[in-house]
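Read off the chains here:
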Amino acid sequence: MSQLIEYAQRIEDSQLATALHESLYAFPLLEGTHLLGLALSVGLLAIIDLRLLGLILTDIPKEQLLKQLRPWLLWGFVGAFLTGIVLLASEAASILSSPPFAFKLLFILLAGINAVIFEFKTVRAWIFKGTDSVARDKWAGGISLGLWSLVIISGRLIPYFIPHG
């Protein structure tokens, strides 16, 4: 772990990361863009998850909702991912030392696994087999909603657990 922190410190000490962190405008603009990407992606995903749970928009077929929201959702994730990497570089060692960061990465990984299972099991069953499993939909939506909530919560906790000294 110390080698990882050492490598992260070199990234954080780079000219680009230092300039970004010390910039009056670049860092806040990147952070704002990151939050907008999260709001777009996780917000639209929450709508899909709530539909899968049968709580909202029940008059709209889930396939149609997913088809219309998926491109926007994916662009939001791309924006959040890219800006997240740049933000991480500007404070790499500090963020890696914060325990909630490891949890955030774990929850992102689990949410990604859930999404892959959803795409290759549930969506394919809708499209190719014409089968519909309300229970499977509810599990996928509930797990997704829970995991993305944990991603956001752990992300917000990161600055409060950065070791000082």
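Residues numbered from 1 in each chain as written. Predicted model: local features only at pLDDT ≥ 70, side-chain atom pairs only at ≥ 80, totals over all residues. Heavy atoms only, no water.

Q: Give me the lowdown on the overall build of the protein chain, citing residues and values where you can.
A: Each helix and strand counted, the protein chain has seven helices and zero strands in total. Listed N to C, the secondary structure of the protein chain is α-α-α-α-α-α-α in terms of helices and strands. Along the first, second and third principal axes, the C-alpha atoms of the protein chain reach 55 × 30 × 25 Å. Looking at the protein chain as a whole, 32% of its 165 residues are labelled buried. For the protein chain, long-range pairs separated by at least 24 residues make up 76% of all intrachain contacts whose partners lie at least 6 apart in sequence. As displayed, the protein chain offers around 10,500 Å² of accessible surface, 71% of which is attributable to carbon and sulfur atoms. Measuring between centres, the 12 positive side-chain charges of the protein chain sit 14 Å from its 12 negative side-chain charges. (Helix = DSSP H or I, 4+ residues; strand = E, 2+ residues; numbered from the N terminus. Buried < 20%, exposed > 50% of the residue type's maximum accessible area, 1.4 Å probe, protein only. Contact = heavy atoms within 4.5 Å. Areas by Shrake-Rupley, 256 points an atom, 1.4 Å probe, with all protein chains shown as cover. Lys, Arg positive; Asp, Glu negative; His and termini not counted. Charge placed at Lys NZ, Arg CZ, Asp CG, Glu CD.)

Q: Quick rundown of the packing of helix α3 (residues 26–52) against helix α7 (residues 134–157)? Include the residues and the values.
A: With their axes 8 Å apart at the nearest point, α3 and α7 run at an angle of 150° to one another. Here α7 runs roughly antiparallel to α3, going by the angle between their axes. Seen from above, α3 lies across α7 with left-handed handedness. Here α3 contributes Val 42, Leu 45, Ala 46, Asp 49, Leu 50 and Leu 52 to the contact with α7, which in turn contributes Asp 137, Lys 138, Gly 141, Ser 144, Leu 145, Trp 148 and Ile 152. By residue class, the composition of the contact of α3 with α7 is eight nonpolar, two polar and three charged. (Axes fitted to C-alpha atoms, helices over the stretch in contact; angles between N-to-C directions. Parallel < 35°, antiparallel > 145°, perpendicular 65-115°, else oblique. Left-handed = near helix turned anticlockwise from the far one by under 90°. Nonpolar A, V, L, I, M, F, W, Y, C, P; charged D, E, K, R; others polar.)

Q: Quick rundown of unusual backbone geometry? Include the residues and the values.
A: A positive phi angle, near 50°, is found at Leu 57, a position not held by glycine. Positionally, Leu 57 belongs in the loop between α3 and α4 (62–90). Taking the relative accessible area as the measure of exposure, Leu 57 reaches 34% and is therefore partly exposed.

Q: Let's hear about the nonpolar core: which residues, and what values?
A: Formed by 18 residues in total, the largest nonpolar core has its most connected members in Ile 48, Leu 69, Leu 73, Phe 118 and Trp 148. Of all elements in the fold, only α3, α4, α6 (99–129) and α7 reach the threshold of two or more residues within this core. In terms of residues, this core owes the most to one element, α3, which gives six residues. Once residues within four sequence positions are removed from consideration, Ile 48 is found in contact with Leu 65, Leu 66, Leu 69 and Leu 73. (Core = buried A, V, L, I, M, F, W, Y, C linked by side-chain atoms within 4.5 Å.)

Q: Break down α3 for me, citing the residues and quoting the values.
A: For α3, with 27 residues, the first-to-last C-alpha span of 38 Å sits near the 39 Å given by 1.5 Å per residue. Where α3 terminates, the next one or two residues include Gly 54, which has phi positive at roughly 80°. (Expected span 1.5 Å × (residues − 1).)

Q: How would you summarise a nonpolar patch on the surface if you had to cite specific residues and measurements?
A: A grouping of Phe 103, Leu 106, Leu 109, Leu 110, Ile 113 and Ile 117 is seen on the molecular surface, where their side chains present a nonpolar patch of about 540 Å² in accessible area. In this structure, Leu 110 sits in helix α6. (Patch = residues over 30% accessible without salt bridge, like charges linked within 9 Å, V, L, I, M, F, W, Y side chains within 5 Å. Salt bridge = Lys/Arg side-chain N within 4 Å of Asp/Glu carboxyl O.)

Q: Describe the packing of α3 against α4, with residues and values.
A: Look at α3 against α4: their axes get within 7 Å of each other, and the N-to-C directions meet at 150°. When the interaxial angle is binned, α3 and α4 end up roughly antiparallel. The two elements α3 and α4 meet at a crossing, and its hand is left-handed.

These results come straight from atomic positions and should not be treated as a statement about function.
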